[in-house]
Amino acid sequence: MSRELMIQNIEKAQKEIDTKKEIVKKGKMRQHYHFMAQTGWLNDPNGLIFYKGKYHFFFQYNPYYGFWDYMHWGHAVSDDLLHWEYLPLALAPSEAYDDHMHGGCFSGSSIVYEDKLFLMYTATTNAGKGFEQTQCIAYSDDGIHFEKYEGNPVITAPDGVPACQFRDPKVWKHEDTFYMVCGASRDNKAQALLYKSVDMVHWEYVNVLAESRGEWGYMWECPDFYPLGDQYVLMFSPMGAGERTVVYLTGDFDYSTGKFDYHTSGEIDWGFDYYAPQSFMAPDGRRLIVGWANAWDWMPFWKDWGPAYKEGWCGSFNLTREVRMSDNGTLQFVPVKELEGIRTNGKNIKELTVAQTVTHLEAGDGISFELKFSINLEETDAKQFVMELRKGAGKKVICTFDFEHTQLTVDRNNSDGWSKGISRSVLAVRNKKVLDVHIFSDQSSLEIFSDCYQNNHSNNVFAGNEQNEINVYASGGKVCLTNIESYGLEDCYQE
């Protein structure tokens, strides 16, 4: 084992970060309150946990430049999920099983065991037989400095699963046993495989927890499995399932057989830029999730990762969301209450009737803001309600609530001279009296929540500061808005 090499590679990466971070943080597209790395490329959230009085975010990280490559684990801690202190990198490639320029320390999770913080991650290498993915362990006494287990890898791909399609372990504990679910592909169909252990290093295969019969693609990335009330939830990001990027299933689970019997399915987010969410428990018992605010080049709607690479970085996390179970087994994904702590300049309008004439709304500076309201459907007779967000310099994002065709769309084709695509979802308004809408805008992203946080669209928009207008209008009648709240949102990355 090359412990010294990992230390050297972490120190080398840290020098790169220290050299570039002051330049990178001046980038015009840098977010104000969404989590980012200091430099370079960020993708999947990893190892999310509340440990020793702090929230810990680990993350897939290439500190050297704003493109995916040579994966490390970055690390940051926070008291409130908004203001972050960056710590030394937790993992760097150093061993035969994870030291490859187009591999490294891929995604995984964390858990506390015997007062140590354990990380379980996918190691990826290529020794001439194609890419091989195995599951490995690292641990730490202080939650900052990690050592890889000398017996790595602890799990290799089972028979029938290609070694290049076996990744993203999510670990948890039930009673006296550790369990882990891992994404896999067998016979070109996606699977979530279940393992168990009594000591975190010796693992036994249990069962196929759940699988696709073709309807959910050929590979499930970043599966996550957790209890919510008296039900269990399986989340995953499917490869080969068209526009779907984040799916959840809810149902019943039997630990004696290791089989998940799901009866409800849904989408966490219909936007282009929400992927690989991971869940964790807050100290007050909330089940929280965090996703990566970007997309991969194999997705049907993908254009590219945006212009942030020109500033020496790429990637941020979506807002942390609380998962709640509805009475019918569907899930709600609610932005965490901690966001209320950075609100400024609040304004309230009790009621506003919107017609075909454009109405201008105010929310913060029109760039970094929160906007929340309800649509009184009983007093609304319009065919459509249209919002123009981040408008200016001849550009805008168009969000359309189409009551006639029961569809919600977010059009970013003329949003920034860079992005493209129209995200869309069914708008469920039948037999409803009210439709709730909640919007968070940051420098380079929009997150739009509606219908009790079950119909959500997250899209990156690389808009300049001149794009700061918010306009609304109706088509084919009038729209009645009630309880309009707007706020500016403080910059969490100020000096």
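Quick caveat: nothing in here was measured; it's all calculated off a predicted structure.

So, how was this worked out
- Residues numbered from 1 in each chain as written.
- Predicted model: local features only at pLDDT ≥ 70, side-chain atom pairs only at ≥ 80, totals over all residues.
- Heavy atoms only, no water.
- Helix = DSSP H or I, 4+ residues; strand = E, 2+ residues; numbered from the N terminus.
- Buried < 20%, exposed > 50% of the residue type's maximum accessible area, 1.4 Å probe, protein only.
- Pairing = 2+ DSSP bridges.
- Expected span 1.5 Å × (residues − 1).
- Bend = angle between axes of the 7 residues up to and from the residue.
- Contact = heavy atoms within 4.5 Å.
- Axes fitted to C-alpha atoms, helices over the stretch in contact; angles between N-to-C directions.
- Phe/Tyr/Trp six-rings, centres within 6.5 Å; stacked < 30°, edge-to-face > 60°.

1. Some words on unusual backbone geometry
Then step 1. The residue after Asn152, namely Pro153, is reached through a cis peptide bond having omega -5 degrees.
Then step 2. Note on placement: Pro153 falls in the loop between strand 8 (147-148) and strand 9 (166-174).
Then step 3. At Asn345, a residue that is not glycine, the phi angle is positive and equals roughly 50 degrees.
Then step 4. The residue Asn345 is located in strand 22 (residues 343-354) in this model.
Then step 5. Overall, the relative accessible area of 49% leaves Asn345 in the partly exposed class.
Then step 6. Even without a glycine there, the phi angle at Asn483 is positive, about 50 degrees.

2. Considering the pairing of strand 27 (residues 407-411)
Then step 1. Of all five residues in strand 27, four are buried, a share of seventy percent or more.
Then step 2. Alignment of strand 26 (residues 395-402) against strand 27, held across five bridges, turns out to be antiparallel. By the bridge assignment, Cys399 is partnered in strand 27 with Val410.
Then step 3. Once strand 26 ends, the chain turns through four residues before running back antiparallel as strand 27, passing Thr406 with a positive phi of about 45 degrees.
Then step 4. Bridge count for strand 27 against strand 28 (residues 422-426) is five bridges, and the pairing is antiparallel.

3. What to know about helix 1 (residues 3-24)
Then step 1. Its 22 residues place the ends of helix 1 30 Å apart at the C-alpha level, agreeing with the 32 Å of an ideal helix rising 1.5 Å per residue.
Then step 2. Asp18 marks where helix 1 bends most, by close to 30 degrees.
Then step 3. For helix 1, the set of buried residues is Met6, Asn9, Ile10, Ala13, Ile17 and Val24.
Then step 4. Residues of helix 1 that are buried in the fold lie against strand 2 (54-62), strand 3 (72-78), strand 8 and strand 19 (313-314).

4. A short note on the sheet that holds strand 28
Then step 1. Taking strand neighbours across the sheet as the criterion, the six strands line up as 23-32-25-26-27-28 in an open arrangement whose pairing is antiparallel. This sheet does not close on itself; its edge strands, each paired only once, are strand 23 (359-361) and strand 28. Mean inter-strand twist for the sheet, computed between neighbouring axes without regard to direction, equals 20 degrees.
Then step 2. Strand direction decides the pairing type here: strand 25 (residues 384-392) and strand 26, joined by seven bridges, are antiparallel. The residue of strand 26 that forms the bridge with Met387 is Cys399.

5. Remarks on the packing of aromatic side chains
Then step 1. The final tally for this structure, using the stated rule, is 47 aromatic pairs.
Then step 2. Measuring from ring centre to ring centre gives 5.1 Å for Trp41 and Trp305, while their planes differ by 80 degrees; the resulting arrangement is edge-to-face. In this pair, Trp41 is assigned in strand 1 (residues 40-51) and Trp305 in the loop between strand 18 (287-292) and strand 19, connecting sequence segments 264 residues apart.
Then step 3. Classification of Trp41 by relative accessible area gives buried; the value is 0%.
Then step 4. A residue is classified by how much of its surface remains accessible, and Trp305, at 16% relative accessible area, is buried.
Then step 5. With a centroid separation of 5.8 Å and 80 degrees between ring planes, the pair formed by Phe58 and Phe146 is classed as edge-to-face. Highlighted residues: Phe58 in strand 2 and Phe146 in the loop between strand 7 (131-140) and strand 8, separated in sequence by 88 residues.

6. Considering the sheet that holds strand 33 (residues 479-489)
Then step 1. Overall, antiparallel pairing links the six strands, which are arranged 22-33-24-29-30-31 in an open sheet. Looking at the sheet topology across the chains shown, the edges are occupied by strand 22 and strand 31 (455-460). Put simply, the sheet's adjacent strands are angled 10 degrees from each other on average, direction ignored.
Then step 2. Alignment of strand 29 (residues 434-442) against strand 30 (residues 445-450), held across six bridges, turns out to be antiparallel.

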